[in-house]
Amino acid sequence: MTAHTLFAESALLPDGWASDVLFEIASDGSIAALLPDAAGHPEAAYAHRVAGPVLPGMPNLHSHAFQRAMAGLTEQRGQAGSAGEDSFWTWRQVMYGFVGQLTPDQVQAIAAQLYVEMLKAGYTAVGEFHYLHHDPEGRPYADFAELSERIITAAQVTGIGLTHLPVLYGYGGFGGQPAGTGQRRFLHDANGFLRLINRLLQRHDGNPQVRIGMAPHSLRAVTAEMLKETLHGLDEFDDEAPIHIHIAEQVKEVEDCRAWSHQRPVEWLLNNQAVNGRWCLVHATHMTEGETARLARTGAVVGLCPTTEGNLGDGFFQAPEFLRQRGVFGIGSDSHISVSPVEELRWLEYGQRLLYRRRNMLAVNGNASPSVGAALYRAAVAGGAQALGRPIGQLAPGHRADLVVVDTEKPALLGKAGDVLLDAMVFAGNENPVRDVMVGGKWLVTEGHHVAEHAVLARYRATLAQLMA
Ligand SMILES: [Zn+2]
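Residues numbered from 1 in each chain as written. Predicted model: local features only at pLDDT ≥ 70, side-chain atom pairs only at ≥ 80, totals over all residues. Heavy atoms only, no water.

Draft legend 1. View of the domain arrangement of the protein. Each assigned domain of the protein is listed here: domain 1 (2–55 + 400–454) and domain 2 (57–388). If you average the C-alpha positions of domain 1 and of domain 2, the two centres end up 29 Å apart. The partner domain 2 presents 28 residues to the 33 residues of domain 1 that form the contact. Across the domain 1-domain 2 interface, the total number found is 1 salt bridge. Residues Glu 453 and Lys 120 are paired through a salt bridge, measuring 2.7 Å at the closest nitrogen-oxygen approach. If you list the elements that add at least two residues to the side of domain 1 that touches domain 2, you get strand S1 (2–13), strand S15 (403–406), helix H13 (418–428), strand S16 (434–439) and strand S17 (442–446). (Domains from an automatic or database assignment. Contact = heavy atoms within 4.5 Å. Salt bridge = Lys/Arg side-chain N within 4 Å of Asp/Glu carboxyl O. Helix = DSSP H or I, 4+ residues; strand = E, 2+ residues; numbered from the N terminus.)

Draft legend 2. Structural context of the coordination of the zinc ion. Of the protein atoms, only His 62 (NE2), His 64 (NE2), His 246 (NE2) and Asp 334 (OD) coordinate the zinc ion, at distances of 2.1 to 2.7 Å. Taken together, the 4 donor atoms surrounding the zinc ion define angles of 83 to 175 degrees at the centre, an arrangement classified as irregular. Ordering the donors of the zinc ion by residue number gives the pattern H-x1-H-x181-H-x87-D. A residue pair is termed long-range when its members are at least 10 positions apart, and His 246 in strand S11 (residues 243–247) and Asp 334 in the loop between strand S14 (328–331) and helix H11 (341–356) qualify at 88 residues. Of the two residues, His 246 and Asp 334, neither departs from the other in class, the shared state being buried. (Donors = N, O, S within 2.8 Å, 3.2 Å for Na, K, Ca; no water. Tetrahedral: all angles 85-135°; square planar, octahedral: opposite > 155°, others 65-115°. Buried < 20%, exposed > 50% of the residue type's maximum accessible area, 1.4 Å probe, protein only.)

Draft legend 3. Expanded view of the pairing of strand S12 (residues 279–283). With respect to burial, S12 is a largely interior element, 5 of its 5 residues being buried. Across 5 bridges, the pairing between S11 and S12 is parallel. Opposite Ile 247, over in S12, you have His 283 as the bridge partner. Relative to strand S13 (residues 301–304), S12 runs parallel, the two sharing 3 bridges. Bridge pairing in S13 places Leu 281 opposite Val 302. Read from S12 through helix H8 (residues 289–298) to S13, the crossover connection turns out right-handed. (Pairing = 2+ DSSP bridges. Right-handed = clockwise from strand over helix to strand, strands pointing away.)

Draft legend 4. Inspection of H11 at higher detail. For H11, built from 16 residues, the straight-helix expectation of 22 Å at 1.5 Å per residue is met to within 8% by its first-to-last C-alpha distance of 23 Å. Listed as buried for H11 are Pro 341, Val 342, Glu 344, Leu 345, Arg 346, Leu 348, Glu 349, Gly 351, Gln 352 and Arg 353. (Expected span 1.5 Å × (residues − 1).)

Draft legend 5. Up close: the packing of aromatic side chains. Inspection of every chain in the model, using the stated rule, returns 10 aromatic pairs. A centroid spacing of 5.5 Å and a plane angle of 40 degrees characterise the contact between Trp 260 and Trp 268, whose relative ring orientation is tilted. Given the relative accessible area of 33%, Trp 260 is considered partly exposed. Looking at Arg 195, its charged tip hangs above the ring of Phe 144, at a distance of 4.3 Å from the centre. Across from the ring centre of Phe 427, 5.2 Å away, lies the NZ or CZ of Arg 353, which sits over that ring. (Phe/Tyr/Trp six-rings, centres within 6.5 Å; stacked < 30°, edge-to-face > 60°. Lys NZ or Arg CZ within 6 Å of the ring centre and 35° of its normal.)

Draft legend 6. Quick peek at empty space enclosed by the protein. Overall, the coordinates contain 5 cavities of 30 Å³ or more when judged by the stated rule. Size it by volume and the largest cavity reaches roughly 170 Å³. Along the walls of the largest cavity sit 19 residues, with Phe 88, Trp 91, Tyr 131, His 217 and His 246 positioned nearest its centre. Here the element with the most residues in the lining of the largest cavity is helix H1 (residues 88–99); it accounts for 5 residues. (1 Å grid on protein atoms, 1.4 Å probe; cavity = no way out; pocket = protein on both sides within 12 Å on 5 of 7 lines; lining within 4 Å. Points joined across faces, edges and corners; volume = space filled by probe spheres on them.)

Draft legend 7. Structural view of the sheet that holds S12. The sheet built from 4 strands is open, its strands ordered S11-S12-S13-S14 with parallel pairing. For this open sheet the edge positions go to S11 and S14, each flanked by a neighbour on one side alone. The mean angle between the axes of side-by-side strands here comes to 30 degrees, regardless of whether they run parallel or antiparallel. Two elements, S13 and S14, share 4 bridges in a ladder whose sense is parallel. The residue bridging Val 301 from the neighbouring strand is Val 328, located in S14. (Axes fitted to C-alpha atoms, helices over the stretch in contact; angles between N-to-C directions.)

Rendered as structure tokens:
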């Protein structure tokens, strides 16, 4: 059944830009039909005419929602007693202090504000890599899925599509080292973790806006046995559920992995797990050429988070080599130091330009357009959709009606169309180029404003007042 129809003068479809596109949106929030060159179609006269070019919404494949509230609080030298030698690991100390005190209400308020900001920036779905499970003493809440439910509620209140990825966190370092006090809110054994997945599937399976997957935190936080047991358990529930893992983000992590296994992290994972298109390897910063080629061939998605990777001093992903091997990637905002798909894509390209002292680096294989901004946008949408395991990322029948209307009245975008518009968006626009956003067939953002932004902001403001007191 058709709920409503839209008409767009231009839209980015899977085969490229199309003109005069009529969209029929089904009442379940999916695209029922889509007809290009439909200016003369009888329904075109009655359809809602969108105010600018239409893009598929960008999936944000990697998020730790609570970290949004600490953006800007970790940019002072010597925090965590580091005597000026600040690193990922001293940042992590500050983060543990922050996360240690959060209440369920605060977690929900922060996530809702973040998701409003994501929607306004053009992210229409998020992969929430969720490791905060227990109370501040490390005890399960009365409902052991409490904090997962808070994230799911925040997604439902704001309307963003959610792939919820409860994190499996068992240990404090490679080879089953005991976890520290700062990690006690994160911990499960294999049975407890599978109980959580099962509970979430029972409650949310069948909701087209929510998908449940899992995220072994990293090779630091699980043992080989625990990984095997939980992946087997997940397969019994859903053998296509997405699997995300942090990997090879830091040089120290690579060194510790070699000391433990005589293999590098990506090498170990590829040797010990059947990595395929269900997997998303987040960061994968430190790889040899051989690992890069092997990983690309698996069809797994690499989850790149350039602003966080820059903020934490991670290093540069081997993007040119990975793309030469037809590797799949998507983008995430991870720590949320920035909430902007434009900034993630720009940093991804600029990092490589600065590293290699060349221009227009990241042309994507199989994409006929020479336009770098367009190639990056399209590749990140496709890879993000794959990583989130939901029918998103394409303006095509059967996919969710998740779309973004670009505001071509922004000065940087005036007179630009097609792939050049995407180049201008990615490289020249500092103003948010997003005007309207639809997710699952519902308009959530119109003329730059989210339907629930005032109520969500009021709760966030009260939360920040508590946290900063
Ligand atoms: Zn992360």
